[in-house]
Number of protein chains: 2
Amino acid sequence: MRKLLISTAAILAMAGAAIAPASAEPVRLKMASTYPSSLTQLGTLGKILEKNVNTASGGEIEIKFFEPGALVPALEVFDAIKNGSVDAGWSTPGYWQGKEPALALFAAVPFGPSAGEYGGWLLTGGGEDLMNEIYHKHNIHSLICGVIAPEASGWFREPVENLDQLKGKKMRFFGLGARVMQKLGVDTQLLAAADIYPALERGTIDATEFSQPAIDLNLGFYQVAKHYYFPGWHQQSTSFELMINKEKWDAMTEQQQALLTMACRANYALGMAEGEAIQGAALKELESKGVTLHRWPPEILAQYEAAWNEVAAELAAEDASFKKAWDSLQAYRSDYERWGELGYLK
Amino acid sequence: MRKLLISTAAILAMAGAAIAPASAEPVRLKMASTYPSSLTQLGTLGKILEKNVNTASGGEIEIKFFEPGALVPALEVFDAIKNGSVDAGWSTPGYWQGKEPALALFAAVPFGPSAGEYGGWLLTGGGEDLMNEIYHKHNIHSLICGVIAPEASGWFREPVENLDQLKGKKMRFFGLGARVMQKLGVDTQLLAAADIYPALERGTIDATEFSQPAIDLNLGFYQVAKHYYFPGWHQQSTSFELMINKEKWDAMTEQQQALLTMACRANYALGMAEGEAIQGAALKELESKGVTLHRWPPEILAQYEAAWNEVAAELAAEDASFKKAWDSLQAYRSDYERWGELGYLK
């Protein structure tokens with residue numbers, strides 16, 4: 001029965017292509033999100049994508065955003081798209097570093113580029129193609145589909161005078177930065193957004209990082225931990241993605257692929273712009289709630305960076321895909337460095 | 001005869017709208033460019049827009065890029081769109097500061113924001129709407145439709161030890177920065193891209209600024225002037241626009257408007273990304289051709305900034321629209337300042 005359905009669909013598709021390639025069947029994509037739609041930027045950018053694509057395509061493409069858990073649990077989105085049980089996903093490549101460590105490099109890189117420089121590599125410098133070399137092995141095609149401004153470095157109950165103070169502490173931490181914190185003796189855990197505040201309040205964790213001021217503010221961490229550190233050396237920008245089952249992607253017309261690509265590029269600009277625009281007010285509000293804003297002194301940032309360099313070397317030695325992507329990013333950044341120093345006022 | 005044609009078109013449009021609003025007539029836009037298509041980024045981003053819109057819309061919108069002069073001379077594009085003899089334009093709002101001084105603030109601001117911070121104001125902080133308050137008075141609707149990385153400060157024949165050295169010199173200069181240079185005693189002229197090299201070679205001008213290293217390289221200024229200064233304090237980012245005759249814009253469906261808006265947001269991301277990616281190699285090539293790269297010392301940048309603050313105050317006093325846009329941008333930047341200092345590694 002199943003075989004028959006597939007054949008019928010295939011025949012119809014072929015017939016459609018032969019008769020009228022320009023008016024292909026509309027594409028319907030059930031998109032499983034790894035972020036709740038209510039989450040500032042992380043979720044809302046996925047909803048913006050849904051709206052923009054549906055409006056601009058005039059029905060040619062129909063994306064439907066599903067909350068985490070509605071189709072599959074958030075962290076099962078990768079497998080569900082790979083096996084075709086879900087069409088598409090709204091996520092960050094950083095969530096899949098357990099599957100492929102290199103994917104983390106397309107999401108957020110410690111001491112890595114901020115959104116402009118990162119975009120140069122991801123969108124026009126071969127980064128997205130390198131990412132898809134990895135995704136294609138898993139029957140997934142992914143489009144870089146948004147970015148946000150830097151994150152903060154984290155929330156602590158007491159001022160942090162030196163990094164020895166953090167040894168043995170329990171801290172929520174994401175991505176490649178978590179490996180750095182582990183190297184510094186921190187006991188890291190990855191908790192989803194909704195689970196962080198209760199864990200912090202109960203003392204299950206001592207400290208946490210999550211995202212930007214405007215996002216962290218809404219999650220209420222300031223009620224428990226009053227010392228908020230900057231800059232977020234671990235995520236100077238964080239990119240998002242529209243993951244699509246590769247067979248579904250390959251079956252799309254040039255028009256449909258172009259429209260999704262354009263929508264994702266637009267989300268990159270919009271995410272960056274909004275992320276820059278909303279932090280100033282959030283910082284003011286946090287201060288009015290008694291939060292102290294700290295900037296890490298240069299010597300502590302240097303310690304974080306030294307630990308990251310060790311982690312990066314280890315990961316490159318362990319995994320060939322990581323090494324390939326890391327080498328590409330390093331070559332790009334080395335080429336960029338002089339420009340970054342000369343071109344900007346500060 | 002002409003009147004009859006217009007009436008027939010209007011009747012057809014009304015009939016179309018009444019019968020089938022969802023499948024409106026395809027929109028055809030003749031787009032007059034103020035930049036030749038061959039010009040890196042400044043022209044190529046307009047060609048990318050044309051291709052993306054035409055592909056992604058599947059014929060729903062058809063943009064046709066016309067070289068400067070093909071429909072109207074470059075600097076007559078504004079008037080031609082205003083009176084409806086041309087549908088659309090690919091330009092920068094900075095070209096129209098002679099019509100409306102405030103428009104310059106939506107293109108490039110001396111000591112102003114770079115692309116990320118600027119996008120926060122233009123795309124999500126009310127900047128584009130403020131710009132359209134001005135354009136609508138001229139029967140034009142304009143979409144911010146691209147941005148590039150910082151420009152360089154300019155090409156000089158000899159090292160510049162102090163700004164007194166520049167008094168009485170003839171220099172090609174664009175936009176609000178030109179007013180600053182005038183205040184410093186420089187005799188500025190605005191020459192189009194193709195006219196700069198010959199003027200520099202003949203000695204009609206002593207110095208010039210034009211754009212970014214990757215763009216200036218192609219124009220060959222290094223053959224005459226070997227001292228290249230950074231940063232481009234006058235244009236830390238430069239934005240581009242898709243101008244559309246307002247009646248043409250208002251007659252579009254929600255789908256068509258959404259698609260053009262999305263295409264322009266995508267161009268913002270792409271322009272920024274590409275602009276960051278291509279400067280490193282250009283700097284290397286310029287050095288290999290014997291160019292000396294200089295960075296202005298802080299005390300000279302402070303003198304430029306003081307002169308700009310005087311110019312901005314004068315323009316705000318002269319023109320109410322300028323004052324309104326300037327106040328909005330200043331309030332945004334003041335709100336942003338703390339975040340800019342805290343959030344970034346450097």
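Note: the structure precedes this text.
Everything quoted here is computed from the prediction, not taken from an experiment.

For the rest of this paragraph, the subject is the state of the cysteines. Residue and element names in this part refer to chain A. All told, the structure shown has 2 disulfides over all chains when counted by the stated rule. The disulfide partner of Cys-145 is Cys-264, and the S-S distance across this bridge is 2.3 Å. Residues Cys-145 and Cys-264 are joined by a disulfide whose S-S torsion is about -80°; by sign, that bridge is left-handed. Placement of Cys-145 in strand 4 (residues 140–148) and of Cys-264 in helix 10 (residues 254–277) is noted, with a sequence separation of 119 residues between them. As far as the burial class goes, Cys-145 and Cys-264 line up, both buried.

Counting residues at the interface gives 60 residues for chain B, matched by 60 residues for chain A. In total, about 4,900 Å² of surface goes out of reach between chain B and chain A, with carbon and sulfur atoms giving 67% of it. For the pair chain B and chain A, the interface holds 4 salt bridges. In this structure, Glu-287 of chain B and Arg-338 of chain A form a salt bridge, with 3.0 Å as the shortest nitrogen-oxygen distance.

On to the pattern of salt bridges. All names here are of chain A. Inspection of the entire model under this criterion finds 38 salt bridges over all chains. One salt bridge in this structure joins Arg-333 and Glu-117, with 2.9 Å as the shortest N-O distance. Of this pair, Arg-333 sits in helix 13 (residues 320–343) while Glu-117 sits in helix 4 (residues 115–122), and the two are 216 residues apart along the sequence. Accessibility expressed as a relative area gives 22% for Arg-333, which makes it partly exposed. Taking relative accessible area as the criterion, Glu-117 reaches 8% and is therefore assigned buried. Of the charged contacts in the structure, one is a salt bridge between Lys-167 and Asp-164, with a shortest N-O distance of 3.2 Å. Take Lys-167 and Asp-164: they sit in the same class, and that class is exposed.

A regular strand places its side chains on the two faces of the sheet in alternate fashion. Residues and elements named next belong to chain B. Within strand 1 (residues 27–33), 5 of the 7 residues are buried, leaving the element largely enclosed by the surrounding structure. Inspection of the sheet shows strand 1 paired to strand 2 (residues 61–66) by 6 bridges, in the parallel sense. Within strand 2, the residue paired with Lys-30 across the bridge is Lys-64. Alignment of strand 1 against strand 3 (residues 88–91), held across 3 bridges, turns out to be parallel. The residue of strand 3 that forms the bridge with Met-31 is Ala-88.

Within a beta sheet, neighbouring strands are joined by backbone hydrogen bonds and run either parallel or antiparallel to one another. Residues and elements named next belong to chain A. Strands sit in the order 2-1-3-10-4 across an open sheet of 5 strands; the sheet is mixed. Of all the strands in the sheet, just strand 2 (61–66) and strand 4 have a single pairing partner and so form its edges. Pairs of neighbouring strands in the sheet enclose a mean axial angle of 25°, with direction left out of account. Strand contacts of helix 2 (residues 44–57): strand 1 (27–33), strand 2, strand 3 (88–91), strand 4 and strand 10 (238–245), with the helix running at about 160° to strand 2, the strand carrying the most contacts. Along the sheet, helix 10 makes contact with strand 1, strand 2, strand 3, strand 4 and strand 10, crossing strand 4 at roughly 25°.

The next subject is the relation of the copies chain B and chain A. Once turned by 180° and shifted 0.0 Å along the axis, chain B lies on chain A with an RMSD of 0.0 Å. Both chain copies can therefore be described as sitting about a two-fold axis. Across chain B, the rotation axis passes nearest the C-alpha of Ala-266 of chain B, at a separation of 1.9 Å. Of the interface residues in chain B, 100% have counterparts in chain A that sit at the interface too, so the contact is made through matching surfaces.

About the criteria used
- Residues numbered from 1 in each chain as written.
- Chains lettered and ligands numbered in written order.
- Predicted model: local features only at pLDDT ≥ 70, side-chain atom pairs only at ≥ 80, totals over all residues.
- Heavy atoms only, no water.
- Disulfide = S-S within 2.5 Å.
- Helix = DSSP H or I, 4+ residues; strand = E, 2+ residues; numbered from the N terminus.
- Buried < 20%, exposed > 50% of the residue type's maximum accessible area, 1.4 Å probe, protein only.
- Contact = heavy atoms within 4.5 Å.
- Buried area = accessible area lost by both parts, 1.4 Å probe.
- Salt bridge = Lys/Arg side-chain N within 4 Å of Asp/Glu carboxyl O.
- Pairing = 2+ DSSP bridges.
- Axes fitted to C-alpha atoms, helices over the stretch in contact; angles between N-to-C directions.
- Least-squares fit on C-alpha atoms with pLDDT ≥ 70 in both.

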